[in-house]
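Residue-level structural notes
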Amino acid sequence: MATTIADDLRPMHHPKTWAGKYVWSQDHKVIAIQYSLTAIAVGLVALVLSVLMRLQLGFPGAYSGITPENYLQYVSMHGMIMVVYLLTALLLGGFGNYLIPLMVGARDMVFPFVNMLSYWIYLLSVVVLLSGFFVPGGPTGAGWTLYPPQAISEGTPGHQWGIVTMLVSLAIFVVAFTMGGLNYVTTVLQARTRGMTLMRMPLSVWGIFIASIMGLLAFPALFVAAVMMLLDHLAGTSFFMPAMQSMGQTSQTMGGSPILFQHLFWFFGHPEVYIVALPAFGIVSDLISVHARKNIFGYRMMVWAIVIIGGLSFVVWAHHMYVSGMNPYFGYFFATSTLIIAIPTAIKVYNWLLTLWRGDIHLRVPMLFALGFIFTFIHGGLSGLFLGNVSVDVPLSDTFFVVGHFHMVMGVSPILVIFGAIYHWYPKITGRMWNDALGKIHFWITFLGVYVIYLPMHYIGILGVPRRYYALGETGFIPQSVHTANEMISIAAFVVFAGQAVFFYNMIHSYFWGPKAEPNPWGAASLEWQTPETPPGHGNWGAHLPIVYRWAYDYSVPGAARDFIPQTEPPS
Amino acid sequence: MSLIARLAEKSWQNPGIDGRSDPADYRPPAAKVGLVAFMGVATVIFTLLSAAYLMRMGIHGNMGHGTAGDWRPLPKPPQLWINTGLLALGCLAWEAARRLARSGEAAPMRSAAALGNGLGVLFLLGQLLLWRHYQAGGYFLAANPANAFFYLLTALHGLHLAGGVIAGLHAPYPPAGGHDARLRIQLCAIYWHFLLLVWIVLLVLLLST
Ligand code: HEM
Ligand SMILES: [Cu+2]
């Protein structure tokens, strides 16, 4: 019995045709690659949009192709793509799909067909999203938060059609995510191989697992909000739309509550931050442990912290609404819960540092990115403590301080982990090694570059520079130095943008011409490195499922023959 | 082992698999776990909509949600009760199918499942008639937030039930090599009971406001 997936009675079905293998594939590894490539492709669109925004902000008017309406559209599409269609899809659809079955010792996800559907529906949501660029009026310019009433009122770019494609695409995305999420959760619960207890799972799986549960509970809020706003827009209901006066005419809508939308949006929006962060936390723990040749410090506490952060993140959402007009007692409650979340988060940071302490640190490219993450995450976390307090947040709200904060904590930090993870698992995924020198160049350009971009933003934010502004114009409180800083930020952004070419060149070139990779080049203990083939074949494990005898972090064990003991090695 | 005990395991100690039996022997079927997770998602959807419903009614008018006063409740025609009865009967049929499947009586089980599906379709038709009835009375979607919520909630509930009917049509006929019909029928029955429960909660919400 040990050779079947938990209760899967069907024989492994091997696709014969090329399309069955690579297009309509039900293999979690292929689906993972499909998810990842799609997410990266749409992420590049968002990256180009950010370059256009920086062009405008650094050199206002230099490029007349960007109108004020365009700027708002770029901001909105950039934000939404980055958060939902890139990070969520890549971390859960990509890494979740690839890593979960391999790390828990399963042959595949438990519902492979649903898994395949999940990808194709995700692709559909991306197509609908991008179609926003081609509808009359262009994509929505309502900001990624899509607040009504402005999102569907005259004066906002894309208020006719762009907002429809956006909302429809989001609703489709939620369906796709739910299909994927049910798979990830059920696979972790049901398909772990013999001996793989919950507490023997690598932290990557824990992060992805809890993030998937959170996604299943949080995305419905986005779905509901999107459907209700669509009805307000297309059918004239008044869920969110108050009565409005325009040109002496009163709108048909009346009495709706814009604040209701904000509650629904942020009930999704805040957990979303951790849906992106928890997989990154998990993955970075594994990178640090493997490349420092030390067991992760405080494994149990790390798991509990992930679970506690996941739970707490459902009771902090209204810290995004301090300036929306709430009962002050609510603000008090949400400020308190927000600051409490800092405790388990800080525990994680300390444990990463203590894992590094006196480790046998190998500064390979994945480790560099992991260390970079610790910097940017601490940085973004500290500015978050400011924003969590109502009285500090009120003046900083909607300034570039916020832009600097969230890019550090949920933009750059997960991206650095994703890069580290790609470098780390690339040899397993493709069977090839990338070029080390190019990887290091890529790291330094990206890491130093994002600091030049985002650190100054905090300062210009404190001066009061507002976010989502096309141009600052002649304003008394904005000194000349802000314009200089903006130029510098923009130049750094262009350099970082161009620097990513090194990454793509490295990955594509190595895929064809890189040296063959060892099955376990980093000497890692977790299961995915112990597959009989590299890259793992269909069904992952050959004739017999692996049996797990120990946790995933037996590094530098005194008296052991090597400096790591794979999870599959029985005790002697 | 309790969840707490499992999460307290000191996994860095005691390598080996002593005392750990093959998971295939004790785990519930994955499809069941998947269904429970899905019902969790559906519960969140309906809970959030109910919360939005109450907020929009103006209960929290002093917090900036809606202006209390524009909410005009719908009338409650007897059709509501007829539809509820149809759904409840459908659930009974599924419960019968589940028991028949457990005792291995294939032919009556299939009839019971077919009856359950038929009642489900009747319920959906009944809901459509109810919509027509309200439309005829001038209770349009956009006319009042109470109407809008009613149509939205019933539509979402109906979609979930339509999915249940589609699954229910396949359930008694498992493909070769798949799960036996027993599990599939059991899952259908659970799902239908869940949707009946959701409907009752929605009904209470509609009747009490
Ligand atoms: C080098 C990479 C990036 C650059 C140069 C960049 C630049 C920008 C700029 C200029 C804005 C608009 C600021 C404003 O006028 O308000 C912005 C907004 C935003 N960015 Fe990025 N960004 C980058 C990467 C990311 C990533 C990885 C994320 C993922 C979380 C992200 C998420 C957002 C969000 C959520 C907004 C807010 C959109 C809104 O205000 O509606 N960005 N970014
Ligand atoms: Cu938040």
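Residues numbered from 1 in each chain as written. Chains lettered and ligands numbered in written order. Predicted model: local features only at pLDDT ≥ 70, side-chain atom pairs only at ≥ 80, totals over all residues. Heavy atoms only, no water.

1. Some words on the coordination of the copper ion (ligand 2)
All names here are of chain A. Bound to the copper ion (ligand 2) are the protein donor atoms His-270 (ND1), His-319 (NE2) and His-320 (NE2), situated 1.7 to 2.0 Å from the metal. Site description for the copper ion (ligand 2): donor spacing in sequence, H-x48-H-H. Of this pair, His-270 sits in helix 7 (residues 258-291) while His-320 is found in the loop between helix 8 (299-312) and helix 9 (328-356), placing the two residues 50 residues apart along the sequence. Judged by its relative accessible area of 7%, His-270 falls in the buried class. (Donors = N, O, S within 2.8 Å, 3.2 Å for Na, K, Ca; no water. Helix = DSSP H or I, 4+ residues; strand = E, 2+ residues; numbered from the N terminus. Buried < 20%, exposed > 50% of the residue type's maximum accessible area, 1.4 Å probe, protein only.)

2. Quick look at the UniProt feature "domain: Cytochrome oxidase subunit I profile" (unreviewed entry) in chain A
As annotated in UniProt, the feature "domain: Cytochrome oxidase subunit I profile" (unreviewed entry) corresponds to residues 18-549 of chain A in the numbering used here. For the annotated span residues 18-549 of chain A, helix accounts for 67% and strand for 1% of the residues, and the straight-line distance between the end C-alpha atoms is 38 Å. (UniProt positions renumbered as here; feature names shortened; annotations may be inferred.)

3. Points about the packing of helix 7 of chain A against helix 9 of chain A
All names here are of chain A. Axis separation between helix 7 and helix 9 bottoms out at 9 Å; the angle between their running directions is 20°. The angle between helix 7 and helix 9 falls in the class roughly parallel. In this structure, the crossing between helix 7 and helix 9 has a hand that is left-handed. The residues of helix 9 that touch helix 7, namely those facing Tyr-274, Phe-281, Val-284, Ser-285, Ile-288 and Ser-289, are Ile-341, Thr-345, Lys-348, Trp-352, Thr-355 and Leu-356. Across the contact of helix 7 with helix 9, the residue classes break down as seven nonpolar, four polar and one charged. (Axes fitted to C-alpha atoms, helices over the stretch in contact; angles between N-to-C directions. Parallel < 35°, antiparallel > 145°, perpendicular 65-115°, else oblique. Left-handed = near helix turned anticlockwise from the far one by under 90°. Contact = heavy atoms within 4.5 Å. Nonpolar A, V, L, I, M, F, W, Y, C, P; charged D, E, K, R; others polar.)

4. Looking at the site of ligand 1
Residues and elements named next belong to chain A. Lining the immediate environment of ligand 1, one finds 23 residues, of which Tyr-71, His-78, Trp-144, His-407 and Arg-468 sit closest. Taking His-78, its side chain carries an N or O atom lying 2.8 Å from a nitrogen atom of ligand 1. In the model, a nitrogen atom of ligand 1 is placed 2.7 Å from a nitrogen or oxygen of the His-407 side chain. Of all the elements in the fold, those that place two or more residues in the shell around ligand 1 are helix 2 (28-58), helix 3 (68-104) and helix 12 (400-430). Among the elements that make up the shell around ligand 1, the one with the highest residue count is helix 3 (seven residues). Residues that form the shell around ligand 1 fall into these classes: 14 nonpolar, six polar and three charged. (Near = heavy atom within 4 Å. Polar contact = N/O pair within 3.5 Å; in protein donor to acceptor, adjacent residues only side chain to side chain.)

5. Concerning the coordination of the iron atom of ligand 1
All names here are of chain A. Donor atoms from the polypeptide that bind the iron atom of ligand 1 are His-78 (NE2) and His-407 (NE2), placed at 2.0 Å. What the six donor atoms of the iron atom of ligand 1 show is an angle range of 87 to 179° at the metal, which sorts the shape as octahedral. Note that His-78 is positioned in helix 3 and His-407 in helix 12, a separation of 329 residues in sequence. Judged by its relative accessible area of 11%, His-78 falls in the buried class. (Tetrahedral: all angles 85-135°; square planar, octahedral: opposite > 155°, others 65-115°.)

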